[in-house]
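Report on the structure
Below, each chain spelled out in residue letters.
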Amino acid sequence: MFSFFKKKFGGGSSAEGAPAAEPVVSVPPQSDAAAPAVVESASPALAASKEEVPAPRKSWLDKLRQGLRKTGSSIAQVFTGTQIDDALYEELEAALLMADTGVKATEFLLEDLKRRVKEGKATEPAAVRGLLIDALAELLKPLQKSLAIGASQPTVMMVVGVNGAGKTTSIGKLTRHLAEANAKVLLAAADTFRAAAREQLAVWADRAQVEIVSQEGGDPSAVTFDAVVAGRARNCDVVIADTAGRLPTQLHLMEELKKIKRVIGKAEASAPHEVLLVVDGNTGQNALNQVKSFDDALGLTGLIITKLDGTAKGGVLAAIARERAIPVYFIGVGEKLEDLQTFDAREFAQALLE
Ligand SMILES: Nc1nc2c(ncn2[C@@H]2O[C@H](COP(=O)(O)OP(=O)(O)OP(=O)(O)O)[C@@H](O)[C@H]2O)c(=O)[nH]1
């Protein structure tokens, strides 16, 4: 099994810690026992002093920092005073809630922070900010995991989400990155209703020079089934199915997704290997509700969080970590190819609070 993304994205969530030059064995970051040294060096922030952060990653990080400023500045405001007292914690609580961190994650972070302040014997509010970065990075750590390709051929991914979350755009970018890393990708346009959605996916397929299975009207499950069978016959590394946007409350449409998942399993018993939810990070607590609903219906394996360019609701990642810790494979901060990058817990905490 190998992961393209350490190589392509030059750092970020890869917990492997291996040099970025070659595809590497993917080790889930959570499995500290298996790879302790690796986890240690996973932070690009730490690595940055030793090796150059690649240019696309750097420009993405700048955008992420910029994008999270609306969230971060109201939290940072709390640390401009001179004392660490109840008022500071109350202000911080309000700022975290305003950033859509949610009650559970906010309570957890405050408790953890107070413990860190006590243990670290911090006396300056500015130092508390550093400790909050540590607390947040630790809370977010379970979300950090690389998307691994290659254990099955093809690796079948099903991508779901509400309308306009950024599914097709994210699939397009992911496909480009995979294709550039020499993976053979086949796309399935399982949104058989909306011509524009199919066309949009076809444009991405064209740009990445990959094949696409598409059909006007008809059954989305049938299109996906055909794509998985074709992907296997053509020795593809990855098959990605783009599904039509839907709200979790549209029960018949959720049933349709369950059917697509079942039918993929009929085409390839071990598939789908990934069920990815694309969520618009700008929707805050609503994003958390989407994660819970889609996970209950489909059993998600990963998240792609988009539109973190210009949000006041960046705290939602902490809420997800506390309430439904599904790996965040990618973060999107815009519409360009390089705007989709892997997630790194400490990097995110720093981008938010530094
Ligand atoms: N600012 C910003 N815009 C994004 C990002 N990701 C996607 N978009 C834009 O969001 C809009 C919707 O993206 P799509 O990829 O069409 O969303 P979708 O989920 O496939 O939509 P449906 O097919 O309607 O379900 C497009 O205009 C994208 O360019 C992001 O990270 N940041």
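Summarised in this report is the structure supplied together with it. (Residues numbered from 1 in each chain as written. Predicted model: local features only at pLDDT ≥ 70, side-chain atom pairs only at ≥ 80, totals over all residues.)

1. A short note on the site of the ligand
The ligand sits among 20 residues. The nearest are G166, T168, T169, G245 and G332. Put simply, the parts of the chain that give the shell around the ligand at least two residues each are helix 9 (167-180) and helix 10 (195-208). Ranked by residues supplied to the shell around the ligand, first place goes to helix 9 with three residues. Split by residue class, the shell around the ligand holds four nonpolar, eleven polar and five charged. (Near = placed C-beta within 6 Å. Helix = DSSP H or I, 4+ residues; strand = E, 2+ residues; numbered from the N terminus. Nonpolar A, V, L, I, M, F, W, Y, C, P; charged D, E, K, R; others polar.)

2. Details of helix 14 (residues 316-323)
Among the eight residues that make up helix 14, seven are buried, leaving the element largely enclosed by the rest of the structure. Residues of helix 14 that are buried include every one of V316, L317, A318, A319, I320, A321 and R322, and no others. Buried residues along helix 14 sit against helix 7 (103-120), helix 8 (125-140), helix 13 (285-298), strand 8 (302-306), strand 9 (328-332) and helix 15 (345-353). (Buried ≥ 20, exposed ≤ 12 C-beta atoms within 10 Å, placed from the backbone. Contact = placed C-beta atoms within 7 Å.)

3. As for the packing of helix 11 (residues 220-233) against helix 12 (residues 251-267)
Relative orientation of the contacting elements helix 11 and helix 12 amounts to 25°, with a least axis distance of 9 Å. Between helix 11 and helix 12, the angle falls in the class roughly parallel. Judged by the twist between their axes, the crossing of helix 11 over helix 12 is right-handed. For the pair helix 11 and helix 12, contact is made by P220, S221, T224, F225, V228 and V229 and by E256, K259, I260, V263, I264, K266 and A267, respectively. (Axes fitted to C-alpha atoms, helices over the stretch in contact; angles between N-to-C directions. Parallel < 35°, antiparallel > 145°, perpendicular 65-115°, else oblique. Left-handed = near helix turned anticlockwise from the far one by under 90°.)

4. Side note on the environment of T101
Its place among the elements puts T101 in the loop between helix 6 (86-98) and helix 7. Assessed through the 30 C-beta atoms surrounding it within 10 Å, T101 is described here as buried. Once residues lying within four places of it in the same chain are set aside, the contact partners of T101 are L96, T106, G315, A318 and A319.

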